[in-house]
Amino acid sequence: GALFMMYFYRQLQQGNSPVKAFHATQHWLRHLTVRHLLRLYRMALKQISPEQTALCRFLKTEVSRLSKMEPDDRLYSNAYHWAAFTLNGKANGDE
């Protein structure tokens with residue numbers, strides 16, 4: 001869920017409408033590979049403060065776990081991981 005929301009809000013910050021941001025996020029998550037996720041987590045480890053011990057521990061554990069997987073595997077390609085997210089409200093002409 002955190003990955004979905006992180007990417008969704010990044011899309012909104014870049015000026016995309018909520019509908020476009022939502023669809024872009026679903027697409028991104030479905031195609032996210034282990035290789036890309038490892039890169040994201042390693043970058044996050046370099047950027048966060050060492051005082052954030054729980055987050056550092058989580059990221060290090062995930063990097064260790066993901067490093068044992070096939071780099072091109074898509075962990076979130078199944079709708080199970082992203083289908084529960086919905087977008088409510090007026091679309092303001094976006095389709």
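Keep in mind that this is a model prediction, so the values were computed, not measured. (Residues numbered from 1 in each chain as written. Predicted model: local features only at pLDDT ≥ 70, side-chain atom pairs only at ≥ 80, totals over all residues. Heavy atoms only, no water.)

Brief notes about the overall build of the chain
Secondary structure assignment for the chain yields 4 helices and 0 strands. Counting from the amino terminus, helix and strand elements in the chain follow one another as α-α-α-α. Taking all 95 residues of the chain together, 29% fall into the buried category. The long-range share in the chain, meaning contacts at least 24 apart out of those at least 6 apart in sequence, stands at 59%. Carbon and sulfur atoms make up 52% of the accessible area of the chain, which totals about 6700 Å². Across the chain, the 13 positively charged side chains and the 7 negatively charged ones have centroids separated by 4 Å. (Helix = DSSP H or I, 4+ residues; strand = E, 2+ residues; numbered from the N terminus. Buried < 20%, exposed > 50% of the residue type's maximum accessible area, 1.4 Å probe, protein only. Contact = heavy atoms within 4.5 Å. Areas by Shrake-Rupley, 256 points an atom, 1.4 Å probe, with all protein chains shown as cover. Lys, Arg positive; Asp, Glu negative; His and termini not counted. Charge placed at Lys NZ, Arg CZ, Asp CG, Glu CD.)

Topic: the packing of aromatic side chains
Applying the stated criterion to the full structure yields 6 aromatic pairs. Note on Phe4 and Phe22: the rings are 5.6 Å apart at their centroids and 70 degrees apart in plane angle, and the pair reads as edge-to-face. Separated by 18 residues along the polypeptide, Phe4 in helix α1 (residues 2–13) and Phe22 in helix α2 (residues 18–31) bring together distant segments of the chain. With relative accessibility at 9%, the residue Phe22 sits in the buried group. (Phe/Tyr/Trp six-rings, centres within 6.5 Å; stacked < 30°, edge-to-face > 60°.)

A short note on the packing of α1 against α2
As a packed pair, α1 and α2 sit with axes 9 Å apart at the nearest point and diverge in direction by 140 degrees. It follows that α1 is oblique to α2 by the angle criterion. Seen along the crossing, α1 lies across α2 with a hand that is right-handed. Each of Leu3, Phe4, Met6, Tyr7, Phe8, Gln11 and Leu12 in α1 lies in contact with α2, whose residues at this interface are Pro18, Ala21, Phe22, Ala24, Thr25, Gln26, Trp28 and Leu29. Of the residues contributing to the contact of α1 with α2, the split by class is 12 nonpolar, 3 polar and no charged. (Axes fitted to C-alpha atoms, helices over the stretch in contact; angles between N-to-C directions. Parallel < 35°, antiparallel > 145°, perpendicular 65-115°, else oblique. Left-handed = near helix turned anticlockwise from the far one by under 90°. Nonpolar A, V, L, I, M, F, W, Y, C, P; charged D, E, K, R; others polar.)

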